[in-house]
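# Working through the structure, step by step
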Amino acid sequence: MIKKILIDAERLKYPKSGIANVCVSLIKGLDEKGSDFEYTFYGPKKNIPDTKKKIKIIDWKFWQKKISVNTGSFSLIHTAHQLSDYFHTIKSGQKKVVTLHDLNFLHDNSSEQKIAKTTKLVQKNIGNADAVVCISEFVKEDFLKNRKLFTLKNNVKVEVIYNGLIFPETTDFSSDSKYSFIGKKYILNIGVLFPKKNQEVLLDLISKNDRELVLVTSSAKSAYKEKFLEKIKTLGLEDRVHILENVDNNEKYFLLQHCESYCHPSLAEGFGIPPVEAMYFGKPVFLSKLTSLPEIGGDLAFYFDDFSAEHMQHVYASGMQMYGSKTDEYASQLKERALKFGYLEMAGAYEKLYHELLN
């Protein structure tokens, strides 16, 4: 008898988020692999991609927080994010997998009240899990270090499965937008303007050189964004900083295709999707040495030891010189590394885990 697996992809409510991209990648990967499981995905139907096989969908509704979906027919439930509000209880004999993306709330100066509330929600998700999947070795190390905060099953498996990306079939894109910076040397950064993303140090970097800075971000307002905009004025960089909000994938790929480099000075990352995308385009990648980013860039990325303007400019100039001395070789190696973080690799690793738990 075919065993049924339910995957909670409710985060597809936010289709432009990194976690939504991972959910889409998992759906596509499981759809394309030959499988002896029957998959059902839970999430907003309009945001779940078309599949080749007849994969079942349980359409997300806001009231399902109060009136739970019947999960009795499923052998395994996979919660794709540790802060899910759904499927906190399992039935006798069912197995459960939870993907842990980060424990950033323990490290980002959150209030005691927020830490307590978030810890409680994570506990609801992982407390009855048979396997906790961490999206990087860093997240696994952080989880094991803070394991005492949670009550877990005695025999819970804790392992690493890296996020998988769906890469475009080409690296050649066009755009109808008439950007003033195309044809100039510009540094690209992708991500919400947020303290942990640390984009403000990129303003210090370009204050020491002649590069343009392009940020792909959301339209969400925040105190950090206001601070960022004020710093642009203070440094007199209004003509060299370009903030693009809510761009689609085609436009994002166009910007990756034409950038000189990708810079990601983040203070905290569970994984780091944009640097992988930049590597796929063969672009030199400049990262912080913090949390998971060295796992992503390996020995092909260039790293900032600190965020002083002078140091960052030194790393940037020497990195670009090194990249320029053997561009084709570097670009080929970067793309090869990016492909290790593909959606089929991720789907295969999850399916292997499902088999281990159900057999």
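Summary of the structure given here.

Calculation criteria
Residues numbered from 1 in each chain as written. Predicted model: local features only at pLDDT ≥ 70, side-chain atom pairs only at ≥ 80, totals over all residues. Heavy atoms only, no water. Helix = DSSP H or I, 4+ residues; strand = E, 2+ residues; numbered from the N terminus. Buried < 20%, exposed > 50% of the residue type's maximum accessible area, 1.4 Å probe, protein only. Contact = heavy atoms within 4.5 Å. Pairing = 2+ DSSP bridges. Axes fitted to C-alpha atoms, helices over the stretch in contact; angles between N-to-C directions. Salt bridge = Lys/Arg side-chain N within 4 Å of Asp/Glu carboxyl O. Disulfide = S-S within 2.5 Å.

## Topic: the overall build of the protein
- Along its length, the protein carries 11 helices and 13 strands.
- In terms of overall dimensions, the protein has C-alpha extents of about 65 × 45 × 35 Å along its principal axes.
- The burial tally for the protein puts 53% of its 359 residues in the buried class.
- When contacts within the protein are restricted to residue pairs at least 6 apart in sequence, long-range pairs at least 24 apart make up 70% of them.

## Points about the sheet that holds strand β7 (residues 157-160)
- Strand order in the open sheet formed by seven strands is β3-β2-β1-β4-β5-β6-β7, with parallel pairing between adjacent strands. Across the chains shown, the open sheet's two edge strands, defined by having one partner strand only, are β3 (56-59) and β7. Put simply, the sheet's adjacent strands are angled 20° from each other on average, direction ignored.
- The pairing of strand β1 (residues 3-8) with strand β2 (residues 37-43) spans six bridges and is parallel. Across the sheet, residue leucine 6 finds its bridge partner in β2, namely threonine 40.
- Each of β1, β2 and β4 (76-79) touches helix α1 (residues 18-32); the most contacted strand, β2, lies at about 160° to it.
- The strands touched by helix α3 (residues 137-145) are β5 (95-100), β6 (131-134) and β7; relative to β7, the strand with the most contacts, the crossing angle is about 150°.

## Quick word on the pattern of salt bridges
- Counted by the stated rule, this structure contains 19 salt bridges.
- Across the salt bridge formed by lysine 153 and aspartate 130, the nearest N and O atoms sit 2.8 Å from each other. Placement of the pair is lysine 153 in the loop between α3 and β7 and aspartate 130 in the loop between α2 (112-126) and β6, with a sequence separation of 23 residues.
- Using a relative accessible area of 28% as the deciding quantity, one classes lysine 153 as partly exposed.
- Aspartate 130 gets classed as buried once you look at its relative accessible area, which sits at 7%.
- With its nearest N and O atoms 2.7 Å apart, the salt bridge here joins lysine 289 to aspartate 305. One end of the pair, lysine 289, is in the loop between β12 (285-288) and α8 (293-297); the other, aspartate 305, is in the loop between β13 (302-304) and α9 (309-325), and 16 residues separate them in sequence.
- Judged by relative accessible area, which is 54%, aspartate 305 ranks as exposed.
- Members of the salt-bridge network, linked through shared partners, are Glu200, Asp204, Lys227 and Lys231.

## What about the state of the cysteines?
- This structure, assessed with the given rule, holds zero disulfides.
- Cysteine 23 forms no disulfide, and the closest cysteine sulfur to it belongs to cysteine 134, at a distance of 16 Å.
- Between cysteine 259, a cysteine without a disulfide, and cysteine 263, which holds the nearest cysteine sulfur, the sulfur-to-sulfur distance is 9.1 Å.

## Topic: the environment of isoleucine 5
- Summarising the element assignment, isoleucine 5 is placed in strand β1.
- Remark: the alpha-carbon pair of isoleucine 5 and tyrosine 354, spanning 349 residues in sequence, is separated by 8.7 Å.
- Ignoring any residue separated from it by four or fewer positions in sequence, one finds isoleucine 5 in contact with Phe37, Glu38, Tyr39, Thr40, Phe74, Leu76, Tyr354 and Leu358.

## Quick word on the pairing of β5
- For β5, a buried count of five out of six residues is recorded, marking the element as mostly surrounded by other parts of the structure.
- Pairing of β4 with β5 involves four bridges; the strand directions are parallel. The residue of β5 that forms the bridge with isoleucine 77 is lysine 96.
- Bridge count for β5 against β6 is four bridges, and the pairing is parallel.

Fair warning: the whole summary comes from geometry, so function is off the table for now.
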